[in-house]
Structures are given as C-alpha cells and as structure tokens.
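# Chains, contacts and geometry: an overview
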Number of protein chains: 2
Amino acid sequence: MICQCESCHLKTLFYSSIRLDEIEGYCSSRREIGVKAGEDLIKQGEEIRDFIYLKEGLVKLYRKSDNGQIQIIRFGKPFDFVSLLSVFSDDKYNYSVSAIEDSVACVFDLSEIKQLILTNGAFAMHLIEIQNRASDLIIMNTLDLLQKRLYGRVASVLLYFAIEIYKSDEFELPISRKEIAQYIGMSIENVIRVISAFRKDKIIQVYGKNLAILDRERLERMRDLS
Amino acid sequence: MICQCESCHLKTLFYSSIRLDEIEGYCSSRREIGVKAGEDLIKQGEEIRDFIYLKEGLVKLYRKSDNGQIQIIRFGKPFDFVSLLSVFSDDKYNYSVSAIEDSVACVFDLSEIKQLILTNGAFAMHLIEIQNRASDLIIMNTLDLLQKRLYGRVASVLLYFAIEIYKSDEFELPISRKEIAQYIGMSIENVIRVISAFRKDKIIQVYGKNLAILDRERLERMRDLS
DNA sequence: ATCAAAAGATGATATATATCATATAGATAA
DNA sequence: TTATCTATATGATATATATCATCTTTTGAT
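Structure report, in brief. (Residues numbered from 1 in each chain as written. Chains lettered and ligands numbered in written order. Predicted model: local features only at pLDDT ≥ 70, side-chain atom pairs only at ≥ 80, totals over all residues. Heavy atoms only, no water.)

Here we come to the protein's contact with DNA strand C. Around DNA strand C sit 18 residues, and of these Asn190 and Arg193 of chain A together with Arg149, Arg177 and Ser196 of chain B come closest. Here, DNA strand C places atoms within 4 Å of the protein, and 58% of those atoms are sugar or phosphate. One of the side-chain N or O atoms of Lys209 of chain B is found 3.5 Å from a phosphate oxygen in DNA strand C. At the level of secondary structure, the elements contributing two or more residues to the surface near DNA strand C comprise helix 7 (188-200) of chain A together with helix 7 (188-200) of chain B. For the surface near DNA strand C, the element with the most residues is helix 7 of chain B, which contributes six residues. By residue class, the composition of the surface near DNA strand C is three nonpolar, five polar and ten charged. (Near = heavy atom within 4 Å. Polar contact = N/O pair within 3.5 Å; in protein donor to acceptor, adjacent residues only side chain to side chain. Helix = DSSP H or I, 4+ residues; strand = E, 2+ residues; numbered from the N terminus. Nonpolar A, V, L, I, M, F, W, Y, C, P; charged D, E, K, R; others polar.)

Further remarks concern the packing of aromatic side chains. Applying the stated criterion across every chain, the model contains 21 aromatic pairs over all chains. For the ring pair Phe75 of chain A and Phe161 of chain A, a centre distance of 5.1 Å and an interplane angle of 55° mean the geometry is tilted. Pair noted here: Phe75 of chain A is in strand 4 (residues 70-76) and Phe161 of chain A is in helix 5 (residues 150-165), with a separation of 86 residues, a long-range link. In terms of burial, Phe75 of chain A and Phe161 of chain A fall into one category: buried. In this structure, Lys60 of chain B is placed above the aromatic ring of Tyr62 of chain B, and the distance from its NZ or CZ to the ring centre is 5.4 Å. (Phe/Tyr/Trp six-rings, centres within 6.5 Å; stacked < 30°, edge-to-face > 60°. Buried < 20%, exposed > 50% of the residue type's maximum accessible area, 1.4 Å probe, protein only. Lys NZ or Arg CZ within 6 Å of the ring centre and 35° of its normal.)

Before going further, it helps to examine the interface of chain B and chain A. Listed by partner, the interface residues are 44 residues for chain B and 44 residues for chain A. Between chain B and chain A we count two salt bridges in total. Seen at the junction of chain B and chain A, the total is ten residue pairs in polar contact (both at pLDDT 80 or more). Within the residue set of the side of chain B that touches chain A, elements represented by two or more residues are strand 4 (70-76), helix 3 (110-119), helix 4 (121-147) and helix 6 (177-184) of chain B. Top contributing element to the side of chain B that touches chain A by residue count: helix 4 of chain B, with 21 residues. When the residues that make up the side of chain B that touches chain A are grouped by side-chain class, the tally is 21 nonpolar, 15 polar and eight charged. (Contact = heavy atoms within 4.5 Å. Salt bridge = Lys/Arg side-chain N within 4 Å of Asp/Glu carboxyl O.)

Attention now moves to the protein's contact with DNA strand D. Near DNA strand D there are 18 residues, and of these Arg149, Arg177 and Ser196 of chain A together with Asn190 and Arg193 of chain B occur at the shortest range. Near-protein atoms of DNA strand D (within 4 Å) split between backbone and bases, with sugar and phosphate holding 58%. In the model, a phosphate oxygen of DNA strand D is placed 2.9 Å from a nitrogen or oxygen of the Asn190 of chain B side chain. Put simply, the parts of the chain that give the surface near DNA strand D at least two residues each are helix 7 of chain A together with helix 7 of chain B.

Here we come to the relation of the copies chain B and chain A. With an RMSD of 0.1 Å, the operation that places chain B on chain A is a rotation of 180° combined with a shift of 0.0 Å along the axis. Look at the turn and shift together and you get a two-fold axis relating the two. (Least-squares fit on C-alpha atoms with pLDDT ≥ 70 in both.)

Residue and element names in this part refer to chain B. An order of 6-8-7 is seen for the three strands of this open sheet, with the pairing classed as antiparallel. If you trace the sheet from one side to the other, it starts and ends with strand 6 (170-172) and strand 7 (204-207), each paired once. Across this sheet, the average inter-strand angle for adjacent strands is 20°, counted without regard to direction. Across three bridges, strand 6 lies against strand 8 (residues 210-213) in antiparallel orientation. Paired with Phe171 across the bridge in strand 8 is Leu211. (Pairing = 2+ DSSP bridges. Axes fitted to C-alpha atoms, helices over the stretch in contact; angles between N-to-C directions.)

Laid out in structure tokens, this is it:
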C-alpha cells in the first residue's frame, strides 16, 4: 500500500524531491505522536534520535540556561520543524519542546533522514533551504528583541501571534504573561504592566484569555520604534 | 595541475567528502579575496552569488535594522563561513560583512557548491552539520545576551575574544567600545563605564588597545550571573 | 606638523526596568 | 466545598540604563 501522507503538508516540502520508490521506505519509519497541552515533546539533554515536524497545534521551544532561568527560544506552529535546532550538529538536545496547545507531531527516524540526505541531492538541497530559513528567522527575531525596549518587545509578541499564528487581530492569547516574559527577557510584572497600559490606551482589548488588537497601527509603531 | 589548497583548512572540512576527480572542478571557481580592515566583503542587499569562507583575519557580520540602527550579529574568525546566513534561503544578503582586521577570504561560486550538494551526499551532510553548528552558536549566543544585564554582556564579549579568538588572557581588543555596544545592544557610554569599572576593580588591565584579563574567575562570574 | 574627526572617559540627570509587597481573581487538588 | 496554588494586577521603591554634556586622548587626513 502506498503512503497515507497525501493530506500531509510535509508532502509539498519533501515529496517533490523524493522518487516514488523511496516513498515507501520514507513512510515506514514515520509515526504520529499526540501531546496534550503542557506535555513535553522533547526534553533538554535527551539523545537525538528523531526528526520531528509539527502537524497540528502549537509548541514552545525553550531551554534552561546555566543559571537555571527558563528562556523561550521560539514558538512552533504547524509545518514547522521543531527538531531543526541541533539535530544535525549535536547528539543531545540543548532545548526542550512542550505543547502549548494539544498538538500532533510527525516523527521520523533521524537515521532515515540522514540516509535520504546522503542519497538524494534534491532532498538535501531542499532541507538546507528550509533549515536556513528557519535559523535565519530565529536569529533575526532574537536580534530584533535584543535592540528593542520593553514596550517594543511586548508589542512584538502580540503582533507575532496576530500575524504569524492566528492571522487575525482577534485571538485567544495562548501563553501566559510569564511565558511572554521568558520569551522577551523582561520581568513578569512589567509585561503585565505594559499589557495593562496597552489596554488603557485602547490599543488592545482583553477579556479573559481573549485578546483583540483595536489599533494595529499604533501597536506596530510601538513595535518598530526604539 | 592539482589544486593548491593543500595548506587550506577548508580541506579538512570538505575534501574528505569529495572524490579526487571532483577536486579539479571544485577548485576551478575558487578564488581568494583580500580585504583591508574597514572594507566590506559583503554588502547588505547585494545578490548572493558566492559561498565565502574566511581564511585569515577577523570580520564582523552586521545589519542595519528597520530603524537604521547598526547591529552586529557575530564575528567571524578563520575557518568560519561568513556567508552561511541566508545563503541558501534567500537571494539577497540581509546582512553585511566587513573586515575588522586585514583578512583573506576564499570565495566559491554558490552554484558550484549547490551542484556539489546535489551530487555528493557526504558533502551535503557535512555542510548541513557545519551550518547547524554555526546557526546554533549564533542563536544560543544571542539568547544568552538577551537575558544578561550590562555587566554580564560586556564580560561575555571580553571573554569571547580571550577564549574563542585569541586563546589568551592578553590580547589586542580588535573592536571599539562602539562596536561592543552595537553587538550587545547597550549604549556606548555604559560599555565604556563598565570597562572602566572592570579596570578599577583590577579585573582587567587596559593600555591602549591592549587588554589583559587579570582575574579570569571574577570576569566569568560577572558573565554568568544574572 | 596641523587640524579635524573619532574614540574614550566621566559626571549629572532622566528614564526604564527590576524587585518587593500586597491584593484579587481564577484554576486546581483534596 | 474548601483550601491551595497560580496568574493577573498594581503601587512603592530601588536599581539599571540611557541620554546629554563636557573633556581628553587618539587617530586619520591633508
């Protein structure tokens, strides 16, 4: 029987560079893992054996720094590779991945992916491009945060969820103020304060977990200045 | 005539995965470019045609952010690929590279490297590993800076040059206070102040461009706390 | 050698951010 | 339900950082 991945978006990324007779083997190691919100998909320090791709849901990549602080590296949405960092350069994960929303991951044997790289140039090329784009995004994002101040950083995160994740100015904020703080490198109290200030200034509206961006332009100006 | 790259360290990275009959073509597009301190090797916005590797010297990768600020992304030392970021994912450089010290770069046609990826699995695998390691380093570094305060960030930079670049506690600091500021995302004045403070505390000694780390342990503690 | 520009240095002050304290609402477990 | 914990919220204060100003030193150009 031929592979069941017809509906999977991974197909558009990879299948174009894989010959039909390779698809069988390619799918053989593929399995799906469901993780509930709060559960870990990858634990820092674990040995890297898999190549993981997010099919559904939302996850966070984070690490525990030397002094014990939790730092969120980035968020992962469907079609993102959550195991791109370190996968090919290290033997142990130097970050953890946990589900923010209930999620489904596609898991492949890393050894199989490596075999594909060795034997299929087009696949390798494709993977390199995807990897590059992903790394560049993280780097540019983190650099952006580094030169912004508190207000710009918070605005940045809110706009990220509106634009990249939910593609709408109204959404349920999936992360806590604490997680925002861990992502942008500021204190929890100040994150809360800024969100309150945005609310009082009618830039956003908050009711429970729901968040609506009322004045997108002003929020973008807050993000872009300083 | 066979390739002249015997002495080049690139050999150890790449030649192991390249067959002898490929070396000829591999070398055909290779050329060396010398850049004097202060000169640009790559300009942000330029089209990406080359694959560049630093043979000698010291460079900085930097970008101009949306609001016009200059931000240093990382430094490049011999055997670093200075064109790893975006090379395979974009058509234009989104950063510049300029020489801090007089430098020599090895330049290859990107198209030729891409051809190698397509036809040589071992080479592709090797390149992916190198790329991953490089990206991970930048990401972890930038994340580290993001959660550190002024003193920790400055300590971090000084130790970086001591450990990674010069492998000695005494060296000529190759960059200005302004460049340190552009790298760590703090003001020039405060960078100067911190260096003065380190000097007054006998953690470092400064005479002209020369810098000596007198108390490595304390400097490392400064880096690691907060 | 001279001048101009940039880098380094430092003080005074304003602003931004963290920290500590406390309170309330919401979530979770017993 | 009650009790307990966590998240959100806000004020007061301490600390960290930026900004502005001024000065000296170094560097670079002519």
